[in-house]
Amino acid sequence: MRTARTAATLMAVVALAAGCSSSGGKTSEDKADGSTGGKSAGTPRMKIAMVTHSGEGDTFWDIVQSGAKQAAAKDNVQFLYSNDKEAKGQAELVQSAIDKKVDGIVVTLAKPEAMKAVLAKAKDAGIPVVTINSGGEFSQRFGALTHIGQDESVAGEAVGSELNERGRKKALCVIHEQGNVSLEQRCAGVKKTFKGTVENLNVDGTDAPSSQSSIEAKLQAAKDIDAVVALGAPVAAVAVKAKQDAGSEAEVDTFDLNAAVVKSLKAKDVGFAVDQQPYLQGYLAVDELWLYRTNANVIGGGKPVLTGPAIVTEKDVPKLEKYTARGTR
């Protein structure tokens, strides 16, 4: 993998912490009891909540949870997971976590302004917060200890540069959740470095048939599109089907990695993927809150801790297959 940006702080933390669900609705909660067979930390039992903006069926968050649960088992933490794709609902879930007097909150900032007030309440309640995945530029402003994820603009720029190397001329950037600042930053990043033209297409990522029809119609109407950039692994699978049905020669590329994407890379149905290491985002977020509570540590000194981006191609498949199969990459 050709890493577009590195973070020395991340490497140091991984060395320190070495130990190695399908998304529900608004009221879903997933509890890990720490019984994974390993010996957990001898520190007092903690309760940490993770609240994300995940929509139904987004497998990316299964991988995030996998990392979080592994860290929770190691750290003697009760892990609570909930999600709502609507900003208001997500804020209500954060308030619920505050009411439960959790010891820490992990949250995404896909629609940051909707989270500002409730995160202020968490701060007033003395509950430390770590942001992950999206809205990193708002993290410190909203009082979080740190942000863990990739710089979305940099990730988009890496895609634009990769498309240049592949000789592409016209790209379709598929935004599967309107209003999500991270997705908009990705497409903007692509436009910044790509020498060709980029057109955005908004679809509903929770409605696969509708998304496929929209992408297919666009490819049929614009035969000169030679690259489709999906902003998530589930959308990549939809885009591959749309391309085939449209009889298009466009290359499908995607952000994010999972077992299905690795299979598509191997079959050359997908040209390349951008890996932001979601397992690390979940693992390090829980570990950071545990470290802060037990030793007043702040990973990265409060600066963003980068987990990506890295460009993955079919050449990387052999070393990734076993990890994606077990749901950790």
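Cut-offs and rules
Residues numbered from 1 in each chain as written. Predicted model: local features only at pLDDT ≥ 70, side-chain atom pairs only at ≥ 80, totals over all residues. Heavy atoms only, no water. Helix = DSSP H or I, 4+ residues; strand = E, 2+ residues; numbered from the N terminus. 1 Å grid on protein atoms, 1.4 Å probe; cavity = no way out; pocket = protein on both sides within 12 Å on 5 of 7 lines; lining within 4 Å. Points joined across faces, edges and corners; volume = space filled by probe spheres on them. Nonpolar A, V, L, I, M, F, W, Y, C, P; charged D, E, K, R; others polar. Buried < 20%, exposed > 50% of the residue type's maximum accessible area, 1.4 Å probe, protein only. Contact = heavy atoms within 4.5 Å. Phe/Tyr/Trp six-rings, centres within 6.5 Å; stacked < 30°, edge-to-face > 60°. Lys NZ or Arg CZ within 6 Å of the ring centre and 35° of its normal.

Further remarks concern unusual backbone geometry. Cis peptide bonds are those with omega within 30 degrees of zero, and the linkage from G308 to P309 qualifies with 10°. Structurally, P309 is set in the loop between β13 (305-306) and β14 (310-312). For K101, which is not glycine, the phi torsion reads 55° and is therefore positive. Within the secondary structure layout, K101 lies in the loop between α3 (87-99) and β5 (104-107). At A296, a position not held by glycine, the phi torsion is positive, near 55°. Relative to the elements of secondary structure, A296 occurs in the loop between α11 (278-295) and β13.

In this section: the layout of surface pockets. If you add up the space inside the largest pocket, you get close to 590 Å³. The set of elements that each furnish at least two residues to the lining of the largest pocket consists of α2 (60-75), α7 (181-193), α8 (208-221) and α9 (233-246). A total of four residues in the lining of the largest pocket trace back to one element, the largest contributor, which is α9. Residues of the lining of the largest pocket, tallied by class, amount to 10 nonpolar, 15 polar and 10 charged.

With respect to the helices and strands, H176 occurs in the loop between β8 (170-175) and α7. On the accessibility criterion, H176 (15% relative accessible area) is buried. For H176, the residues in contact, after removing those within four places along its chain, are L183, V203, D204, G205, L231, G232 and V235.

What follows concerns the packing of aromatic side chains. With the rule as written, the count across this model stands at three aromatic pairs. Relative to W61, the ring of F60 lies with its centre 5.0 Å away and its plane at 75°, an arrangement referred to as edge-to-face. Taking relative accessible area as the criterion, F60 reaches 7% and is therefore assigned buried. Between F138 and F142 the ring centres are 5.8 Å apart and the planes differ by 40°, which places this aromatic pair in the tilted class. Here F138 matches F142 in class, with each residue buried. Positioned above the aromatic ring of W290 is the side chain of K74, whose terminal nitrogen or guanidinium carbon lies 4.9 Å from the ring centre.

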